[in-house]
Structures are given as C-alpha cells and as structure tokens.
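An overview of the molecular structure
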Amino acid sequence: MTGETGGSELDPQAEAYAGLGDWTPETLGEGRVLPVVSAPNPVLSRAGAEVDPTAGETVQLAADLIATMRVSPGCVGLAAPQVGVGAQVFAVNVTGHPKAVTVHGTFVLCNARVVEATRWKAGREGCMSVPDLTGDVKRASRLVVEGVLPGSGKFVRLVTDGFEARALQHEIDHCGGLLFLDRVAGAHAIYQRKVYL
C-alpha cells in the first residue's frame, strides 16, 4: 500500500456499491480450517494473483479463510497467502475488538485495493504468520477500499476507520507479498510478543 489517493479503476459504478449490501458469509457455504504458514515461507513474500471472485475455488477459499479465522483466538484478519495460497483474497472481522470504531462484521474481499488513505497513525500490530513478534506500523486511520465480494462478484467500496482500517491494510499487504515487519520503521519498533494467543 502506498497511501496514494485516486479514482476507481475497478468499476465506473463502484460508488453505487457502497458497503456490503445483503452479502453475508453464509453465502459462501461450509469452510475448512486450514493450517497457517509462518515466515519465512516464500508464499508470504510473493504478490498474490488476482482471482475470479465467482469461481468455485475462490468461493471455497473465502469460506476456508473465515473458518480458519473463527477458530484462531484473537484473529481479526486472514489472507490467502497465510494459508499457503498465492491469491488476492482475505477475510476480516474486527467485531468486539476494543479499538474498533467502524465495524462491517465478517467479510471477504477479492482483488482489493486502497483508493484513499488519510490520517496516518502508528500502532502495534501482530500476525499469525509471525507468531513471536509485534511491531509499530504507521497506517492510515481513515481508509477507502474497493474490492469484489466472493460468490456474487459484486464490486464494493468500503469506507472505514480506526482498527478496521488497520486490519484491512495489513491484509492487503499480505496479498501484495508484504508482512508488517516490512512496514516497521526499524529494529527499535519490533518487540517480542508478550501475550501468546
């Protein structure tokens, strides 16, 4: 993520698709719990491929990400590369997190990109694929993201802030082959994890 702002290239009518509409995780069907890979697995450092959001394998992957996220304590987001799949698909759910302000519930986006990022702030991040470390990362605290919902293939534009904005940027980075460690200011901003989930 570069933090640059710009117009939509996904769909000229993306403005009409603000929010998730009537999409729910249940539309994906049953998911399987997959093993989460850890750094330095090479899949984590390669940009994922764009996907066909309506393809059966994409819909299954989306369901699997949600299932895996739900059984992982403290997990608020999970990207396809973290389960060994080099694809631009990720799930997010910050419901109930004490730092969350705007909450869209559980959702999955395919081929997502940041179209507006403002109000940059540093904050502590952790990752299931880097289980022993946390780090301070500067991220936009107000974010506009465009992507496609799996299954329906509907283009959406999400406007969010605070912790959900941070989670989205973290997962979009995963889809681009970046870990939060690639975003820290230096070794002084990396810490041993004190709470093991």
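Residues numbered from 1 in each chain as written. Predicted model: local features only at pLDDT ≥ 70, side-chain atom pairs only at ≥ 80, totals over all residues. Heavy atoms only, no water.

Remarks on the overall build of the protein
When helices and strands are counted, the protein shows two helices and six strands. Listed by position from the N terminus, the elements making up the protein come as α-β-β-β-β-β-α-β. Residues classed as buried in the protein amount to 50% of the 197 residues present. When the accessible surface of the protein is summed, it comes to about 9,200 Å², and 52% of that surface belongs to carbon and sulfur atoms. (Helix = DSSP H or I, 4+ residues; strand = E, 2+ residues; numbered from the N terminus. Buried < 20%, exposed > 50% of the residue type's maximum accessible area, 1.4 Å probe, protein only. Areas by Shrake-Rupley, 256 points an atom, 1.4 Å probe, with all protein chains shown as cover.)

Points about the layout of surface pockets
Approximately 1,000 Å³ is the volume attributed to the largest pocket. R124, E125, G126, F163 and R193 are, among the 37 residues lining the largest pocket, the residues nearest its centre. Listing elements by their share of the lining of the largest pocket, those giving two or more residues are β3 (107–127), β4 (130–148), α2 (162–175) and β6 (190–192). Looking at the lining of the largest pocket, its residues break down into 15 nonpolar, 13 polar and nine charged. (1 Å grid on protein atoms, 1.4 Å probe; cavity = no way out; pocket = protein on both sides within 12 Å on 5 of 7 lines; lining within 4 Å. Points joined across faces, edges and corners; volume = space filled by probe spheres on them. Nonpolar A, V, L, I, M, F, W, Y, C, P; charged D, E, K, R; others polar.)

A closer look at helix α1 (residues 56–70)
Taking 1.5 Å of rise per residue, the 15 residues of α1 would be expected to cover 21 Å, and the 21 Å separating its terminal C-alpha atoms lies within 8% of that figure. Within α1, 11 of the 15 residues are buried, leaving the element largely enclosed by the surrounding structure. By the burial criterion, the buried members of α1 are T58, V59, L61, A62, A63, D64, L65, I66, A67, T68 and M69. Looking at the buried positions of α1, the neighbouring elements they touch are β1 (77–79), β2 (89–92) and β3. (Expected span 1.5 Å × (residues − 1). Contact = heavy atoms within 4.5 Å.)

Details of the pattern of salt bridges
By the definition in use, this model includes eight salt bridges. For the salt bridge of R32 with D64, the shortest nitrogen-to-oxygen distance reads 2.5 Å. Residue R32 is located in the segment before α1, and its partner D64 is located in helix α1; the two are separated by 32 residues in the primary sequence. In this structure R32 comes out as partly exposed when scored by relative accessible area, which is 47%. By relative accessible area, D64 is classed as buried at 1%. (Salt bridge = Lys/Arg side-chain N within 4 Å of Asp/Glu carboxyl O.)

What about the pairing of β2?
Burial along β2 is two-sided: the face carrying V89 and A91 and the face carrying F90 and V92 are both buried. Here β1 pairs with β2 via three bridges, running antiparallel. Paired with G77 across the two strands is V92, which belongs to β2. For β2 and β3, the ladder comprises four bridges, and the chain directions are antiparallel. Note on β3: the bridge partner recorded for V92 is F107. (Pairing = 2+ DSSP bridges.)

Quick notes on α2
The terminal C-alpha atoms of α2, which comprises 14 residues, lie 21 Å apart, in line with the 20 Å expected from a rise of 1.5 Å per residue. Among the 14 residues in α2, 13 count as buried, and that is most of the element. Among the residues trailing α2, G177 stands out with phi positive, at a value near 85 degrees.

As for the nonpolar core
Ranked by size, the top nonpolar core spans 43 residues in total, and within it V89, F90 and L109 carry the most contacts. At the level of elements, α1, β1, β2, β3, β4, β5 (155–161) and α2 are the ones that each hand at least two residues to this core. Apart from the residues lying within four places of it in its own chain, the contact partners of L109 are Q88, V89, F90, V145, G147, V148, L149, V156, L158 and L168. Among the nonpolar cores identified, the runner-up in size contains 10 residues, and L44, V137, L179 and A189 belong to it. (Core = buried A, V, L, I, M, F, W, Y, C linked by side-chain atoms within 4.5 Å.)

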